[in-house]
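Chain by chain, the residues run as shown.
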Amino acid sequence: MKDDASNPAGSEAPHEEVLTSSLQQSSLYNEDLAPIAPGRRTWGTYNYAALWIAMSVNIPTYMLASAMIAGGMNWKQAIFTVFLGNVLVLIPMLLNAHAGAEYGIPFPVFARSAFGVLGANLPAILRALVACGWFGIQAWIGGEAIYAMMVALLPSWKNFAGGVAVCFLFFWVLNVLVILRGIKTIRFLQGVTAPFLLLIGMALLLWARNKAGGFGPMLATPSKFKNFSEFFRFFVPSLTGVVGFWATVALNIPDFTRYAKSQRAQVVGQALGLPATMTFYSFIGIAVTSATVILFGQAIWDPVTVLSRLDNKIAVIIAMLALLLATLNVNVAANVVSPANDFSNLWPRRISFRTGGLITCLLGVAMQPWKLLANYGNYVFGWLVGYSGFLGPIAGVLICDYFLLRKKILVTEDLYRRNGLYEFSGGVNWRAVLALVIGCGVAFVGLIYSPLRVLYNYAWFVGFGVSFVSYLLLMSTRQPSPKIAG
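Residues numbered from 1 in each chain as written. Predicted model: local features only at pLDDT ≥ 70, side-chain atom pairs only at ≥ 80, totals over all residues. Heavy atoms only, no water.

Caption draft 1: The arrangement of the overall build of the protein chain in detail. The helix and strand inventory of the protein chain stands at 23 helices and zero strands. Taking contacts inside the protein chain between residues at least 6 apart in sequence as the whole, the part at least 24 apart equals 84%. (Helix = DSSP H or I, 4+ residues; strand = E, 2+ residues; numbered from the N terminus. Contact = heavy atoms within 4.5 Å.)

Caption draft 2: Representation of the nonpolar core. Counting residues in hydrophobic clusters, the biggest one holds 150 residues, and the most contacted among them are W134, W246, M320, Y379, W383, L398 and Y471. Grouped together as the second largest cluster of nonpolar side chains are five residues, I125, C132, F343 and I351 included. (Core = buried A, V, L, I, M, F, W, Y, C linked by side-chain atoms within 4.5 Å. Buried < 20%, exposed > 50% of the residue type's maximum accessible area, 1.4 Å probe, protein only.)

Caption draft 3: Representation of the packing of helix 6 (residues 121-153) against helix 17 (residues 353-366) in the model. Put simply, helix 6 and helix 17 touch, their axes get as near as 7 Å, and they point 70° apart. When the axes of helix 6 and helix 17 are compared, the pair comes out roughly perpendicular. Our pair here, helix 6 against helix 17, has a crossing hand that is right-handed. Between helix 6 and helix 17, the contacting residues are L129, C132, F135 and G136 on the first element and T360, C361, L363 and G364 on the second. Looking at side-chain class alone, the contact of helix 6 with helix 17 contains five nonpolar, three polar and no charged residues. (Axes fitted to C-alpha atoms, helices over the stretch in contact; angles between N-to-C directions. Parallel < 35°, antiparallel > 145°, perpendicular 65-115°, else oblique. Left-handed = near helix turned anticlockwise from the far one by under 90°. Nonpolar A, V, L, I, M, F, W, Y, C, P; charged D, E, K, R; others polar.)

Caption draft 4: Up close: a nonpolar patch on the surface. Together, L169, V173, L177, L180 and L358 line one region of the surface with nonpolar side chains, adding up to about 410 Å² of accessible area. Sort the elements by how many residues they give to the nonpolar patch and helix 7 (residues 163-181) lands first, with four residues. (Patch = residues over 30% accessible without salt bridge, like charges linked within 9 Å, V, L, I, M, F, W, Y side chains within 5 Å. Areas by Shrake-Rupley, 256 points an atom, 1.4 Å probe, with all protein chains shown as cover. Salt bridge = Lys/Arg side-chain N within 4 Å of Asp/Glu carboxyl O.)

Caption draft 5: Here's a closer look at the pattern of salt bridges. For the coordinates displayed, the defined rule picks out three salt bridges. Of the charged contacts, one joins D401 and R406 as a salt bridge, the two residues approaching to 2.7 Å between their closest N and O atoms. Across the pair, R406 and D401 agree in class, each one buried. Note that E423 is salt-bridged to R418, the shortest N-O span being 2.6 Å. You can call R418 partly exposed: its relative accessible area is 34%.

Caption draft 6: Region of the structure containing the packing of aromatic side chains. One pass over the structure, following the stated rule, counts 27 aromatic pairs. Between the aromatic rings of W52 and W246, the centroid separation amounts to 4.8 Å while the plane-to-plane angle is 90°, which identifies the pairing as edge-to-face. A residue pair is termed long-range when its members are at least 10 positions apart, and W52 in helix 2 (residues 45-56) and W246 in the loop between helix 10 (228-245) and helix 11 (247-252) qualify at 194 residues. Taken as a pair, W52 and W246 share a single burial class, namely buried. Relative to F235, the ring of F232 has its centre 6.0 Å away and its plane inclined at 35°; by these criteria the two rings are tilted. Note that F232 and F235 are positioned in helix 10 at a spacing of three residues, about one turn of the helix. (Phe/Tyr/Trp six-rings, centres within 6.5 Å; stacked < 30°, edge-to-face > 60°.)

Caption draft 7: Here's a closer look at helix 13 (residues 263-296). Between its terminal C-alpha atoms helix 13 stretches 48 Å, which fits the 50 Å expected from 34 residues at 1.5 Å a residue. Two residues or fewer past helix 13, G297 is found with a positive phi of approximately 80°. (Expected span 1.5 Å × (residues − 1).)

Caption draft 8: View of the environment of L358. With respect to the secondary-structure elements, L358 resides in helix 17. Judged by its relative accessible area of 34%, L358 falls in the partly exposed class. Along the chain, L358 and L180 lie 178 residues apart, while their C-alpha atoms are 8.6 Å from each other. Ignoring anything within four residues of it in the chain, the contact list for L358 reads V176 and L180.

Caption draft 9: Main features of the side chain of S388. Here S388 is to be found in helix 19 (residues 376-405). A relative accessible area of 0% means that S388 is categorised as buried. In this structure S388 touches T240, G244, P393, A459 and W460, once residues within four positions along its chain are discounted.

Caption draft 10: Structural context of unusual backbone geometry. Not every positive phi belongs to a glycine, and K407 is a case in point at roughly 55°. Exposure remark for K407: the relative accessible area of 53% places this residue in the exposed category. The residue K408 is not glycine, and still its phi comes out positive at about 70°. Overall, the relative accessible area of 38% leaves K408 in the partly exposed class.

Caption draft 11: Looking closely at the confidence of the model for the protein chain. Residues at a pLDDT of 70 or more form 87% of the protein chain, whose mean pLDDT is 82. Looking at the elements of the protein chain, mean pLDDT is at its lowest for helix 23 (residues 482-485), recorded as 43, and at its highest for helix 22 (residues 459-476), recorded as 96. In the predicted structure, residues 1-18 sits below a pLDDT of 50 and forms 31 contacts with residues beyond four places in sequence or in another chain. (pLDDT = per-residue confidence, 0-100.)

Caption draft 12: How the structure looks around the environment of W140. Mapped onto the secondary structure, W140 falls in helix 6. If near-sequence neighbours (up to four positions away) are discounted, W140 is found in contact with V164, F168, P369, W370 and L373.

Written as structure tokens, this is what we have:
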């Protein structure tokens with residue numbers, strides 16, 4: 001049965017019940033991966049705006065912008081880079097979001113339409129591993145915040161050799177508890193805390209302004225680049241890093257938009273929430289980092305280190321609690337929902353959302369986040385730019401397939417069925433896999449061959465463009481069939 005293109009998810013809840021009932025025995029199905037029935041799609045514009053406000057107001061956002069100051073940009077250059085990067089990444093994000101809102105399906109199920117019902121595990125796991133790394137980074141930062149708070153309360157805690165490890169473990173357990181409570185807890189946290197987190201950001205900015213003697217001295221530090229050529233060499237990988245920052249969610253955004261009341265609700269909510277909030281909170285990081293040059297004689301890009309130097313113990317505790325809340329919000333929403341679904345997609349009958357979330361927690365520790373945060377170079381040019389070379393090509397294949405080849409029409413039932421329209425060759429669309437490999441290869445050749453370094457600096461953009469075109473060409477050689485139309 002083919003869904004009506006004008007109402008592909010079905011306008012009546014009973015249709016969803018029939019769909020679910022007929023596929024419950026499939027090896028590709030479980031309740032966490034099932035399409036969300038129209039009656040359960042309750043997220044409105046505010047929910048999506050609040051989601052992005054809560055996810056953007058966090059320490060990695062701050063560190064992304066402050067790293068640009070530490071690397072030599074002035075505040076105007078850094079703000080422009082952040083804003084442009086977020087406008088650019090919003091485009092593929094809204095494109096990928098469409099399928100989630102239209103069909104009520106999560107990212108790994110959406111990926112089955114292009115990569116095949118089994119081949120979808122490849123992009124899903126690549127995306128999941130990146131999320132695991134981010135989970136580890138956020139958990140480590142949360143542990144550092146708890147450690148700074150403990151030192152403020154009990155100065156002797158600083159002499160405890162395992163103090164940081166204990167605080168990291170404690171914050172890790174908090175994340176696990178939220179995961180076990182499920183997606184409803186995530187939505188509650190986003191809606192309640194988003195306005196509060198913006199107020200905390202404003203308080204931090206005002207503190208820095210007062211300490212530095214006003215915005216004038218804070219923002220007076222000139223760019224360290226002598227000419228445009230020097231600036232551009234730093235700008236390009238920085239811009240790629242900004243795009244890479246949300247390239248993960250740009251792929252798995254269907255995990256959230258599957259709950260949307262309408263396409264308009266998710267589009268407007270995301271367009272309002274992402275660029276504005278990221279630019280605003282990045283400005284806080286930029287301004288405060290600039291102020292640390294005046295206050296401490298050096299650019300300190302880690303806000304936990306800055307706040308731990310406050311003289312007032314009560315202020316330190318309040319600030320760290322706020323940072324913990326922000327970190328917990330973004331960590332579960334951005335770095336657990338997607339990999340939990342991705343791991344569930346590997347073995348739907350045995351791995352649930354909660355089990356996938358626990359796997360994410362364990363792998364996050366195994367990826368040694370403390371090394372990724374060793375310095376701003378590792379964070380931006382190694383981590384952010386590096387993984388974007390994998391995610392850009394995935395986005396290129398998905399967007400090309402969904403919009404150009406399938407014209408936004410999917411047969412929902414066949415996404416959960418073997419030997420259906422998305423079976424391809426043994427469950428894998430090898431053309432999609434090849435396009436992905438080509439895109440990644442071109443993006444990373446610059447890391448191996450220095451004269452082509454520019455390809456790595458533009459890793460996400462290069463990977464996206466190459467895989468998009470490669471997939472389109474490869475699929476054009478395929479004989480026309482109903483499978484192409486979906």
